[in-house]
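Understanding the architecture of this molecule
Spelled out, the chains give:
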Amino acid sequence: MTNAQIAKLLRNVAASYAIKNEAKYRFQIIAYQRAADAIQSSTAEVKDLIKEDKLEGLPGVGPSIRAHLEELIKTGEVKHFEAIMKEVPNAVFPLLDVPTFGPKKAYKLVSHFGFKNPETVIADLKKVAGQGKIAKLEGFGEKSQQDILEAIEDFKEGNKKTKRMVLPYAAELAETILTYLKKSDVIIDAKPLGSLRRRLSTIGDLDFAVSTKDSKKAIDYFIAYPHKERIIEQGDISASILVSSGRQVDLMTQPPDSFGSLLQHFTGSKNHNVHLRELAIKKGMSLSEKGIKIKTKTGEKTEKYATEEAFYKALGMDWLPPEMREDTGEIELSLEHKLPQLIQLKDIKADFHLHSSFHIEPSHDMGISTMEEMVEKARHLGYEYIGFSEHNPSVSKHSQKEVYDILARRKDKIEQINESNKNIRVISLLETDILANGEIAIDEKSLSLLDGTLVSIHSAFNMNREDMTKRIIAGLSHPKAKILSHPTGRLLNQRPGYEVNFDELFDFVKRNTKALEINSWPERLDLPDIMVREAVKNGIKMVINTDSHAKDQMDMMQFGVSVARRGWATKQDILNTLSYNKFMDWLKK
DNA sequence: GCCGTTTTCGGCCCGACTGTTTTCAGTCG
């Protein structure tokens, strides 16, 4: 059973409690939802966590839910869950996945019409809505009947085409919308919110904060967005639209003197904010997007905050980078004024994963920009040095002698570039396959031509955990193999990573002066942020690379930096912040 | 049901928007 399935089960339990008696089970409902959130966002599978006795490490999973989950993994079902859910018709649960449907609405409709089949319930509901039968129900009307039809339609569309966007694409779309917003006369400032601002690797909806003295005009301007498909909702201070790519875009407004509270409130994460508001209550404060409500002798007043810095300061905290706001210890550090200094884009002095168009006759894809073009781009980016890491020449099409000859020509070419340009030092790297047997694809003689090599997995993904771990460690064991590229092998929205024992791998990397790559490619963003955090805790060195196949892709470094920041990495954790000489010293270790 | 340097008992975040309502319930973030 996957984490997603377990999370859904816990949400169904929460929904069942809500249907039974929401007031009575209020806190159980919250508890089950929290546990579901924690499990859904965990990188480790619940069954593995149980095996390693780490399940209680998840925030929101206590003794009771842990016992239930152990029963689930052991027997495939949980008696307690079954008992609660038995009182709710099965057909309720699929409806909960449809936006605008909560437990109450789903239950009312399913029980009134007597729907029995979870498989067909959405179609069944669409049918009775089409027949005008919902509008006649108490608590429903013509409009809500129409909304139900639209929600079902959108849901079916969404299932097909609108998965979460990877960060770089979301950032691009956001930039277009921000540019539009900033053209308005009444909009003083506009900034991204939510997961976009926290720089998650994948983004669902896009949220924006707007500073304005005239929220009505700002909202009118927003809903007139040229690529708008339709308005989802429109109120006095916020609105939501659907844009033509099928994405929902939300806008929140506040006057300039409350803009700081607005940014803070909607940047989240939910857990960060809930924790913050609980702390505030203990200080007699109440937090919202409007400011901080404080009880006074005469009544209460709301202090306004124009900046987030001032808002956090009022709570006795330092401003936190949005990437850290996940309630994983950052609030405590901020209260103690001990936040780490996260790495910034300007700290980056090099990029080691560049595929040029040099004719290397590679095992995989080639770049399209010349080495010279990429060097020029590196100069523009203010780098000090770069490394070319084309895929190794195909070993199925060439003898090792031929591989050597190609690499020797490439070495000459790199030397020539180093002689002709004084701005950027170029080092001779390669992206070498780790073969299924753990050997690296090219021989000793060819390796001797390189300053070092990145190694990576591009074949035989389906090995078991133990064999894959052995394979990677074997590949990384060669003195020239220094960096493991895209370590998990995941592709966002496409495939999960291969199975590796990362405890073992981390240990090996640390003991042998190797490094793990944070790959900035939009679908990779690999190492994932959560594992970067583990790597940082364990003192593992990393590099942030773009894996560029064209010069302009070198701009994607910012996304790798975002991943590093979400993992709390500082300059000291990332090797391409080192000067050329220091990095070369490391490479030779 | 979870959680803890104010608590192992007694708390548990805050508000906007919509539709169907004459004051609120449901959903969302």
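Everything discussed here concerns the structure shown above.
Predicted model only: the values in this text are computed from it and were never measured. (Residues numbered from 1 in each chain as written. Chains lettered and ligands numbered in written order. Predicted model: local features only at pLDDT ≥ 70, side-chain atom pairs only at ≥ 80, totals over all residues. Heavy atoms only, no water.)

Moving on to the sheet that holds strand E12 (residues 385-388). Backbone-to-backbone hydrogen bonds pair the strands of a sheet. The strands run either parallel or antiparallel. As summarised here, the arrangement of the three strands in space is E11-E12-E13, forming an open sheet in which the pairing is parallel. A strand with exactly one partner marks an edge of an open sheet, and here the two such strands are strand E11 (350-354) and strand E13 (425-428). Averaged over neighbouring strand pairs, the angle between their axes works out to 20° when direction is ignored. Relative to E12, E11 runs parallel, the two sharing three bridges. Each bridged residue has a counterpart across the sheet, and for Ala350 the counterpart in E12 is Tyr385. (Pairing = 2+ DSSP bridges. Helix = DSSP H or I, 4+ residues; strand = E, 2+ residues; numbered from the N terminus. Axes fitted to C-alpha atoms, helices over the stretch in contact; angles between N-to-C directions.)

Strand order in the open sheet formed by three strands is E8-E9-E10, and the pairing between neighbours is antiparallel. A single partner strand is all that each edge strand has here, and the edge strands are strand E8 (285-288) and strand E10 (300-303). On average, each strand axis in the sheet is tilted by 25° relative to the strand beside it, whichever way the strands run. In terms of strand pairing, strand E9 (residues 291-295) meets E10 through four bridges, oriented antiparallel. Residue pairing across strands places Ile294 opposite Lys301, the latter belonging to E10.

Look at the link from Gly268 to Ser269: it is a cis peptide, with omega at -5°. By the secondary structure assignment, Ser269 is in the loop between helix H13 (259-267) and helix H14 (270-282). Of note in this structure, His337 is not a glycine but carries a positive phi near 55°. Examined against the element boundaries, His337 turns out to sit in the loop between helix H16 (330-335) and E11.

Near DNA strand B, the surroundings consist of 45 residues, among which Thr100, Gly141, Gln234, Arg277 and Lys290 are the closest. Per the 4 Å cut-off to the protein, sugar and phosphate atoms form 79% of the nearby atoms of DNA strand B. Those elements giving two or more residues to the surface near DNA strand B turn out to be helix H2 (26-40), helix H4 (63-75), helix H7 (103-113), helix H9 (142-161), strand E5 (228-234), H14 and E8. Looking at the surface near DNA strand B element by element, the count peaks at five residues for H14. (Near = heavy atom within 4 Å.)

Turning our eyes to something else, we now look at empty space enclosed by the protein. Enumeration according to the criterion identifies one cavity of 30 Å³ or more in this entry. When its volume is computed, the largest cavity comes out at roughly 40 Å³. What lines the largest cavity is simply Leu276, Leu279, Ala280, Lys283, Leu315, Met317 and Leu335. If one sorts the elements of the lining of the largest cavity by residue count, H14 sits on top with three residues. (1 Å grid on protein atoms, 1.4 Å probe; cavity = no way out; pocket = protein on both sides within 12 Å on 5 of 7 lines; lining within 4 Å. Points joined across faces, edges and corners; volume = space filled by probe spheres on them.)

Before going further, it helps to examine H4. In this model, H4 (13 residues) spans 18 Å end to end at C-alpha, consistent with the 18 Å of a helix rising 1.5 Å per residue. Among the residues making up H4, those that are buried are Ile65, His68, Leu69 and Leu72. One side of H4 carries all its buried residues, which in axial view fall inside an arc of 95°. Of the exposed residues in H4, those oriented more than 90 degrees away from the buried face are Pro63, Lys74 and Thr75. Here the buried face of H4 lies against helix H1 (3-21), H2, helix H3 (46-51) and helix H5 (79-85). Where H4 terminates, the next one or two residues include Gly76, which has phi positive at roughly 90°. (Expected span 1.5 Å × (residues − 1). Buried < 20%, exposed > 50% of the residue type's maximum accessible area, 1.4 Å probe, protein only. Arc of directions from axis to C-beta. Contact = heavy atoms within 4.5 Å.)

Take the nonpolar core next. Soluble globular proteins tend to bury their nonpolar side chains together. Membership of the largest hydrophobic core comes to 89 residues, with the highest contact counts inside it found for Leu181, Leu206, Phe208, Ile386, Leu505, Ile544 and Ile574. Ranked by residues supplied to this core, first place goes to helix H10 (residues 167-182) with eight residues. Excluding anything up to four places from it in sequence, Phe208 contacts Ala174, Ile177, Leu178, Leu181, Lys191, Pro192, Leu193, Leu196, Val249, Asp250, Leu251 and Met252. Counting residues in each nonpolar core, the second largest holds 51 residues, with Leu9, Met85, Val110 and Ile122 among its members. (Core = buried A, V, L, I, M, F, W, Y, C linked by side-chain atoms within 4.5 Å.)

Let us look at H14. Between its terminal C-alpha atoms H14 stretches 19 Å, which fits the 18 Å expected from 13 residues at 1.5 Å a residue. Three or more residues of H14 are buried, namely His272, Asn273, His275, Leu276 and Ala280. For H14, the angular spread of the buried residues around the axis is 165°, confining them to a single face. Facing away from the buried side of H14 by over 90 degrees, the exposed positions are Lys270, Ile281 and Lys282. Against H13, E8, helix H15 (308-314) and H16 lie the buried residues of H14. Phi for Gly284, located one or two positions after H14, is positive at around 75°.

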